[in-house]
Amino acid sequence: MHAWPSPDVPTLPGQGLPLRLHDTSTGEVRPTSPGAEATIYVCGITPYDATHMGHAATYVAFDLVQRVWLDAGHDVHYVQNVTDVDDPLLARALETGDDWVELGDRETQLFREDMTALDVLPPRHYIGAVESIPAVVDYIQKLQTAGAVYDLEGDLYFRVHSDERFGSIANLPEEQMVAVFAERGGDPDRPGKEHPLDCLLWLRERPGDPSWDSPFGRGRPGWHIECSAIALDHLASPIDVQGGGSDLAFPHHEMGAAEAQVATGSWPYARHYTHAGMVRLDGEKMSKSRGNLVFVSRLRAAGTDPVAIRLALLAHHYRGDWDWTDAGLAAAEARLASWRASVAAPAAPPADGVLAAVRAHLADDLDAPGALAAIDRWAEDTRLRSGGPGAEDAAAGSLVRDVAAALLGVRL
């Protein structure tokens with residue numbers, strides 16, 4: 001599966017700062033510590049309804065991780081999956097009368113177009129669940145060898161407590177884990193399971209469902225093992241950052257990490273587990289199940305500049321939950337107009353301080369609002385002093401343009 005085109009990233013003077021990032025497992029903002037190559041795995045979409053603002057906010061947040069690492073001199077190896085076979089996709093195809101493959105392909109292509117419009121750097125490997133089935137089979141066999149798998153009526157389950165550290169990412173009490181597991185695609189109440197939290201590795205063939213041959217019989221992968229297999233197939237363990245929305249911390253990242261750690265016999269699966277907050281509409285989490293979605297593609301079709309959409313996302317710290325509003329988008333459009341006018345000014349105040357401030361804010365747990373405010377101050381100073389004393393730096397606008405493009409993904 002192919003990703004999307006990579007935008008140009010201007011080279012900035014000097015070198016960026018080491019990135020400090022929040023780790024869900026410890027509850028702390030800690031330094032990331034990649035080597036020459038920084039590795040990141042971010043969970044991708046299930047392509048039955050893309051791309052809403054919750055998606056966009058998550059992928060823009062982890063795009064900033066890439067940009068800060070690149071600016072600090074690291075090569076970045078980024079992997080993202082596409083869950084192109086799963087119950088929600090099959091249910092939507094049945095509901096709409098679409099072929100599930102065609103539905104997935106169509107929504108995945110729309111996602112690519114939205115990511116391109118939002119200037120998101122693509123992953124080096126963009127892998128679908130279907131194409132990863134051989135890797136999934138391989139890792140299930142590793143788990144079988146480790147004694148961590150059991151059969152229930154032809155379905156294979158992972159014994160989550162075969163990983164002695166299970167539960168240490170989201171740090172939820174077991175009663176809450178069981179409740180959340182039920183809400184987010186799990187089956188804690190299925191009779192015959194050894195433990196309510198044990199998760200599905202391989203679903204045996206059901207009438208009418210797509211299925212593939214395997215040593216375990218015909219069937220298809222479970223959700224969590226899909227990501228574990230794709231990540232471990234392309235990235236050395238431990239990976240530097242495992243990322244996604246905060247609703248993935250449990251069960252998805254907890255269970256995927258446990259599978260990976262048992263399959264490889266090594267810990268940790270990731271050095272940082274980092275999660276983006278939820279985007280709400282009218283006080284409710286924006287989600288497909290609620291149908292309260294604002295889509296990037298529909299805003300673009302209505303004539304909204306995608307750079308303004310990106311600025312509207314960056315106005316909120318990635319870890320916080322926040323509300324998408326028309327007022328927020330209007331403020332982003334006004335900010336964009338101000339910045340574009342300022343970088344086009346014939347002369348402006350020096351901008352070295354802007355570069356330093358933006359680098360410092362982003363290196364501090366991706367403080368995008370602080371970075372935007374630094375450019376706002378320069379733009380306002382430019383407006384007040386344009387053509388007057390202190391507006392002697394003809395190259396300042398070009399530098400600010402490059403800073404915005406390289407570090408924030410904002411094309412001016």
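Read on for an overview of the structure.

1. As for the packing of helix α11 (residues 352–363) against helix α12 (residues 368–385)
Thought 1: Closest axis-to-axis distance for the α11/α12 pair is 7 Å, and the angle between their directions is 165°. Between α11 and α12, the interaxial angle falls into the category roughly antiparallel. As α11 runs across α12, the sense of the crossing is right-handed. Here α11 contributes Val354, Ala357, Val358, His361 and Leu362 to the contact with α12, which in turn contributes Ala368, Gly370, Ala371, Ala374, Ile375 and Trp378.
Thought 2: Per-class residue counts for the contact of α11 with α12 are 9 nonpolar, 2 polar and no charged.

2. Points about the sheet that holds strand β10 (residues 239–245)
Thought 1: Judged by pairing direction, the sheet is parallel, and its 5 strands sit side by side in the order β5-β4-β3-β10-β11 without closing on themselves. Two strands in the sheet have a free side with no partner beyond their single neighbour: β5 (125–128) and β11 (270–276). Strand-to-strand twist in this sheet, taken as the mean axis angle between neighbours without regard to direction, amounts to 20°.
Thought 2: Relative to β5, strand β4 (residues 75–82) is paired through 4 bridges, and the arrangement is parallel. Looking at the pairing, Asn81 lines up with Ile127 of β5.

3. Describing the side chain of His272
Thought 1: Tracing the backbone through its elements, the reader meets His272 in strand β11.
Thought 2: A distance of 3.0 Å separates a polar side-chain atom of His272 from the backbone oxygen of Leu21.
Thought 3: Of the polar contacts made by the side chain of His272, one reaches the backbone oxygen of Arg30; its length is 3.2 Å.
Thought 4: Not counting chain neighbours up to four residues away, the residues in contact with His272 comprise Leu21, His22, Asp23, Arg30, Pro31, Thr32, Asp240, Val241 and Gln242.

4. What about the sheet that holds strand β9 (residues 219–221)?
Thought 1: Read across the sheet, 4 strands follow the order β6-β7-β8-β9 without closing on themselves; strand pairing throughout is antiparallel. Looking along the sheet, the strands with just one partner apiece sit at the ends: β6 (149–152) and β9. The average angle at which neighbouring strand axes cross in this sheet is 25°, direction not considered.
Thought 2: Relative to strand β8 (residues 199–204), strand β7 (residues 155–158) runs antiparallel, the two being bridged by 3 bridges. Residue pairing for β8: Tyr157 is matched across the bridge by Leu200.
Thought 3: Against the sheet, helix α4 (residues 133–145) engages β6, β7, β8 and β9, with an angle of about 120° to β8.

Reading guide: rules and limits
- Residues numbered from 1 in each chain as written.
- Predicted model: local features only at pLDDT ≥ 70, side-chain atom pairs only at ≥ 80, totals over all residues.
- Heavy atoms only, no water.
- Axes fitted to C-alpha atoms, helices over the stretch in contact; angles between N-to-C directions.
- Helix = DSSP H or I, 4+ residues; strand = E, 2+ residues; numbered from the N terminus.
- Parallel < 35°, antiparallel > 145°, perpendicular 65-115°, else oblique.
- Left-handed = near helix turned anticlockwise from the far one by under 90°.
- Contact = heavy atoms within 4.5 Å.
- Nonpolar A, V, L, I, M, F, W, Y, C, P; charged D, E, K, R; others polar.
- Pairing = 2+ DSSP bridges.
- Polar contact = N/O pair within 3.5 Å; in protein donor to acceptor, adjacent residues only side chain to side chain.

By themselves, these are just geometric observations and shouldn't be taken as functional.
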